[in-house]
Amino acid sequence: TPLVVTLRKQDWSSDPRTRFFALWAVSAFVFFSISKNKLPGYILPVLPPLSALLGVRLARSPAPRWALAGCAALLVALPLAADVLPQALASGIRSAWPPDQVPFGALGAVAAVTVAAAALATRNRAGWALALVAAGAVLGIAELKRRIYPALDHSAGSRALWAEIEPQADQVCIGDVRRHVEYGLEFYGHGRLPACADSPRPVRVEGDPPRLER
């Protein structure tokens, strides 16, 4: 995001290839913004052309230290998300914020990466600075996944629920549940559970959080 702010008109208007990247990024963003039904993955087609344009900006920038330092500083979102995301997905962001604890160790690591990236960029080593920020992002996301995936599986996923349903799947139907629960059970059960409105069964999946009712 800090790099996007530094983009200038000549970065995308001076060459047919960069104009193509700009048109690609903007048209995909506008198209999926207009759409009423959205999933987070819909933004992914914007990232390749945008990354190319940001590469052009970095190559042309004489001193990108503040932009790269800003990118490094935004890594602070990863340790914060690890504490907030599971509860936010299960019951909303208002119930999850602020986080229960401040990850001071991770925040210190982010600060060190930020200072190092700025120092490298100041010494005309923007490539090394960018590599450092990218490495920090990869490690941060890997740690984020390690910490939150078990919690997500329990609080916002459907796999544990399906393990409870599977032995009696021929007696279970899906009632009034949130959409992600319905989709998750359809995935794990390979479409074996009908809607209760269409095919009533002795056991129903109901509520938020979902539970089995007889």
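Scroll up to find the structure this text is about.
We now turn to the structure provided with this report.

## What to know about the overall build of the protein
Broken down by element type, the protein carries 11 helices and 3 strands. Reading the protein from its N terminus to its C terminus gives the helix and strand order α-α-α-α-α-α-α-α-α-α-β-α-β-β. Projecting the C-alpha coordinates of the protein onto the three principal axes gives extents of approximately 70 × 45 × 25 Å. Every one of the 214 residues in the protein was classed for burial, and the buried ones make up 30%.

## Regarding the environment of Glu-164
Counting through the fold element by element, Glu-164 comes out in helix α10 (residues 159–165). For the pair Glu-164 and Ala-25, spaced 139 residues apart in sequence, the C-alpha separation works out to 44 Å.

## Quick look at helix α4 (residues 47–60)
Structurally, the α-helix is built with 3.6 residues per turn, so residues lying three or four positions apart point the same way. Compared with the 20 Å implied by 1.5 Å per residue over 14 residues, the 20 Å span of α4 between its first and last C-alpha is a close match. Every buried residue of α4 is accounted for by Pro-49, Leu-53, Leu-54, Arg-57 and Leu-58.

## Considering the layout of surface pockets
By volume, the largest pocket is sized at about 610 Å³. Taken together, 16 residues form the lining of the largest pocket, with Thr-1, Cys-71, Leu-75, Ala-137 and Ile-141 sitting closest to its centre. Those elements that provide at least two residues to the lining of the largest pocket are α1 (2–6), α5 (65–73), α6 (77–91) and α9 (126–155). The dominant element in the lining of the largest pocket, judged by the number of residues it contributes, is α9, at 5 residues. A per-class count over the lining of the largest pocket returns 15 nonpolar, 1 polar and no charged.

## A word on the packing of aromatic side chains
One pass over the structure, following the stated rule, counts 6 aromatic pairs. Look at Phe-20 and Phe-21: their rings are 6.0 Å apart centre to centre, the planes differ by 50°, and that puts the pair in the tilted class. Taking the relative accessible area as the measure of exposure, Phe-21 reaches 24% and is therefore partly exposed. These aromatic residues form a ring-pair network of at least three members: Phe-20, Phe-21 and Trp-24.

## Structural notes on the pairing of strand β2 (residues 203–206)
Relative to β2, strand β1 (residues 172–174) runs parallel, the two being bridged by 3 bridges. Looking across to β2, one finds that Ile-174 is bridged to Val-205. Following the chain from β1 across helix α11 (residues 179–188) to the adjacent parallel β2, one finds a crossover that is left-handed. Pairing of β2 with strand β3 (residues 211–213) involves 3 bridges; the strand directions are antiparallel. When the bridges of β3 are listed, Arg-204 appears paired with Glu-213. A loop of 4 residues connects β2 with β3, the two strands running antiparallel in sequence, and Gly-207 in this loop sits at a positive phi of about 90°.

## Section: the state of the cysteines
With the rule as written, the count across this model stands at 1 disulfide. Note on cysteine connectivity: Cys-173 is disulfide-linked to Cys-196, with sulfurs 2.0 Å apart. Of note, the bridge from Cys-173 to Cys-196 carries an S-S torsion of about 95° and is right-handed in sense. Highlighted residues: Cys-173 in strand β1 and Cys-196 in the loop between α11 and β2, separated in sequence by 23 residues.

## Examining the environment of Arg-19
Along the chain, Arg-19 falls in helix α3 (residues 16–34). Among the residues examined, Arg-19 registers a relative accessible area of 40% and is labelled partly exposed. Residues Arg-19 and Pro-86, spaced 67 residues apart in sequence, show a C-alpha to C-alpha distance of 40 Å. With near-sequence residues (within four places) excluded, Arg-19 lies in contact with Trp-12, Ser-13 and Ser-14.

## Looking at the environment of Pro-99
For Pro-99, the position within the fold is in the loop between α7 (93–96) and α8 (104–122). You can call Pro-99 buried: its relative accessible area is 17%.

The rules behind these values
- Residues numbered from 1 in each chain as written.
- Predicted model: local features only at pLDDT ≥ 70, side-chain atom pairs only at ≥ 80, totals over all residues.
- Heavy atoms only, no water.
- Helix = DSSP H or I, 4+ residues; strand = E, 2+ residues; numbered from the N terminus.
- Buried < 20%, exposed > 50% of the residue type's maximum accessible area, 1.4 Å probe, protein only.
- Expected span 1.5 Å × (residues − 1).
- 1 Å grid on protein atoms, 1.4 Å probe; cavity = no way out; pocket = protein on both sides within 12 Å on 5 of 7 lines; lining within 4 Å.
- Points joined across faces, edges and corners; volume = space filled by probe spheres on them.
- Nonpolar A, V, L, I, M, F, W, Y, C, P; charged D, E, K, R; others polar.
- Phe/Tyr/Trp six-rings, centres within 6.5 Å; stacked < 30°, edge-to-face > 60°.
- Pairing = 2+ DSSP bridges.
- Right-handed = clockwise from strand over helix to strand, strands pointing away.
- Disulfide = S-S within 2.5 Å.
- Contact = heavy atoms within 4.5 Å.

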